[in-house]
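The lines below spell out each chain.
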Amino acid sequence: MSLRRVVSSPVVASLVFAAVVSFVTLPQSRAADATLPDWVVAAAAAKLPNYPSETNAVVLAEDITYTVDSHGQATERHRKAIKILRPQGRDDAIVHVNYDKDTKLKELHVWSISPDGHSFEVKKDEFLDVSFGEGILYDDEKYRVVQPAGSDPGGIIAYEYVQQMRPYVTETTWEFQDDLPHRDESFTLVLPQGYSYTDSWAHYARMQGADLEKQSYRWQLTNVPATDLEHVSAAPHAVALNGRLTLHYTGPGLQWGDTSTWQGVGQWYQQLLQERIQPTPEIQAKAQELTAGKTDFADKTAAIANFMLREVRYFDVEIGVGGYQPHYAGEIFHNRYGDCKDKATLLSSMLSAVGIHSTLVLVDSRRGAIDPSAPSTYGNHAIAAIEIPQGYQSPRLQSVVQAENGKRYLIFDPTWENISFGQLEDNLQGSYGVLVEGAASQVIQLPTLAPKWSTVRRTGVFELGADGTMNGDVVVKRFGGASEEWRYFYSRADEREQTDSLHRGLAGDFPAFQTSDLKVQNVKALDQDLVTTYHIRVDHFGRTMGSLLMLRPRVLGHIGLPIDTRPRTIPIDMGHAYELTDDFTIKLPPGYTADDLPDPVKLDVDFASYSSNTQINGNTLHYTRTYTVRELTLPADKYPEYKHLAGVIGADEVSNAVLKKQ
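Novice: Lay out the sheet that holds strand β35 (residues 608-617) with the relevant residues and their values.
Specialist: Pairing between the strands of a sheet comes from backbone hydrogen bonds, and it takes one of two forms, parallel or antiparallel. The mixed open sheet is built from 8 strands, whose spatial order is β27-β28-β26-β25-β32-β36-β35-β34. In the strand order of this sheet, the two ends are held by β27 (513-521) and β34 (601-604), each with one partner. Neighbour-to-neighbour, the strand axes of this sheet turn through a mean angle of 10 degrees, independent of strand direction. Inspection of the sheet shows strand β32 (residues 578-587) paired to strand β36 (residues 620-629) by 10 bridges, in the antiparallel sense. When the sheet's bridge partners are listed, I586 is paired in β36 with L621. The strands that helix α10 (residues 495-506) touches are β27 and β28 (530-538); relative to β27, the one it contacts most, it runs at about 125 degrees. Each of β34, β35 and β36 touches helix α11 (residues 639-654); the most contacted strand, β35, lies at about 20 degrees to it.

Novice: Run through the sheet that holds strand β38 (residues 657-661), naming residues and quoting values.
Specialist: One open sheet accounts for 4 strands, arranged β29-β30-β38-β33; its pairing is antiparallel. Each edge of the open sheet is held by one strand with a lone partner, namely β29 (543-545) and β33 (592-596). In this sheet, adjacent strand axes meet at a mean angle of 35 degrees when their direction is disregarded. Sheet topology places strand β30 (residues 548-551) next to β38; 4 bridges connect them, and they run antiparallel. Along β38, the bridge assignment pairs L549 with L659.

Novice: Tell me what's going on with the side chain of D652, and back it up with residues and numbers.
Specialist: Secondary-structure assignment places D652 in helix α11. This buried residue, D652, is left without a salt bridge; R625 holds the nearest opposite charge, at 4.8 Å. Excluding residues within four positions of it along the chain, D652 makes contact with V601, Y610, S612 and Y623.

Novice: Account for the pairing of strand β1 (residues 57-68), naming residues and giving values.
Specialist: Most of β1 is tucked away, with 9 of its 12 residues classed as buried. Sheet topology places β1 next to strand β2 (residues 74-84); 11 bridges connect them, and they run antiparallel. The partner of D63 across the bridge, within β2, is R79. The hairpin formed by β1 and β2 contains 5 residues between the paired strands, and G72 there has a positive phi angle of roughly 90 degrees. Pairing between β1 and strand β11 (residues 182-190): 7 bridges, direction parallel. In the sheet register, D63 faces β11, and the bridge partner there is S186.

Novice: Tell me about helix α4 (residues 262-273), and name the residues and values.
Specialist: Its 12 residues place the ends of α4 16 Å apart at the C-alpha level, agreeing with the 16 Å of an ideal helix rising 1.5 Å per residue. Inspection of α4 places W262, G264, V265, G266, W268, Y269, L272 and L273 among the buried residues, and these make up the whole buried set.

Cut-offs and rules
- Position labels on residues start from 1 in each chain and follow its written sequence.
- At least 70 in pLDDT is required for a residue's local features to be given in this predicted model, at least 80 for side-chain atom pairs to be given and counted, and no such filter applies to totals for whole chains, interfaces and linings, which use all residues.
- Hydrogens and water are ignored here; the side-chain numbers use all heavy atoms of the structure.
- Here a strand pair is declared whenever DSSP counts at least two bridges between the two strands.
- In this text, helices come from DSSP runs of H or I with a minimum length of four residues, and strands from runs of E with a minimum of two, each type numbered from the N-terminal end.
- Geometry is summarised by axes, namely lines fitted to C-alpha atoms with helices restricted to the contacting stretch, and by angles between N-to-C directions that run from 0 to 180 degrees.
- Should any heavy atoms of two residues lie within 4.5 Å, those residues are counted as being in contact.
- The classification of residues rests on relative accessible area computed with a 1.4 Å probe and restricted to protein chains. Under 20% of the type maximum is buried, over 50% is exposed, and intermediate values are partly exposed.
- Charge convention: Lys and Arg are scored as positive, Asp and Glu as negative, and His as well as the terminal groups of each chain are ignored.
- The working definition used for a salt bridge is a side-chain nitrogen of Lys or Arg within 4 Å of a carboxyl oxygen of Asp or Glu.
- An expected span of 1.5 Å times one less than the residue number is assigned to each helix.

Below you can see the structure in the form of structure tokens.
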């Protein structure tokens, strides 16, 4: 995580905070009768609609006032009251507010009402200040947290804080929807004379703000439903569904530009980037050394890209604007570490030293988070766009987009160490990002790679005994996106951990088995298949019934598309585009021949296809199948076809062949 703005969002802050509290013991506020503010009393007295029985908590009231002064400096006053409905809602009652040197907390007050009606106020010495960051060398962002008294079902937690906002961003985002229902919420924007605003609505229908006069405007929502994905199969990330409003403001004296258009967002970031990307003599020398003797564009680019992946560690130093702005390329090169925007900046600097133009793309690692119809600086990641010479073609370059001006760019993530140059990790495919190209800046859709660039190919040769025992050797070859997580795992796991992982995977296919001779090859060779081989013995794989012997042709490997029975209203996330093939050969015991074999299967539903076939030649059973996913996100009305596909696959996976002893 690197771009500061997302760490500050309620959704991501909750995730970060969950990790923080696993390392610390939160202070509990001391019991003391307290006088509650009128707004807390009013929120507590509000009549609630009927919520589903599984609702953990509800936001009774949330009110934000965002005030910009004549110098462009903004201050936010935030009030929120939550009622706990179930024991599982206690975590929602933990108050946490993040801050750093640019977002100083001027005030923070926390009150609570216990289920039996007693009121409490948290004292200053009861707060805990913590910092946290995985892979972060130094980050000045901290969290002020407390566990209020009375945090039990029926209890109410309320807090209010006043915070200085960042001086180098001329927008604010109201994230008014999350995993809790909101009964009542409002956002007020207060601007100085001469200022104006525009709005961008993401994942929500636009509504006009009320003009309160004197440059004040308010948006109010009631009964906003929760985004509850707990029991939804194949669901996209919640931030791809949650509604949010971004307000962009402009006025005299503001130096950071207007981010109300995608071009403006790119130009805003160009200001932060342009001085940092210049190559130093040391960078020029290293870039020329890496590309010496290379004349092909892909070869030159790959040499520098692989240097970034292997020699520049992902590490983070964020202080104030450093959460947005990359460090100087020379500093990153000297230290040999940086976060996503640092690594993308150094990559661009090194490429420029050998005459190759590139720039940054601002993205979000959660597919669907960036709404192409709602310009904003929202996002949590930065990658690179490398301009491809006109007319140049190479099969190595698959992750390619074309900009509005006709220029082609290779989209490359210099932080992703487990996928081959020229490709793109699964979670970014099909999502949107901002191409930072000055006046030519624009929103672009990142490519979805063809399934052949992400493959799993399993083969097995087995021998079945008359008693049902089976022995055999398995080879699994993974490539591209389908190999990412496995390369990461195998590069860090010891022999015992690798064996345990294999056994966990096989446990879904066999009640009892033994493995031996596990070997893994090409973990770091990203342009080659990641190869896993092992020997397996399975007791009672075949089941005898008199003169009959039954067995499952699909020996191992479970696709298992998740489904549920609820009406579908949200898109379907297929995960990633890839192709799976299984090819299993089973030598049958002497004297057995086919009595009944599963019918061939062939289904194509446009976004995916599935086929399988079982044959017997002599004393050998041969099973093959292919599963291909072509699209990443499907509209909700495709759910019947998705469920049909899941049913066909599920039935084929449990089908049996029946053999008869002659």
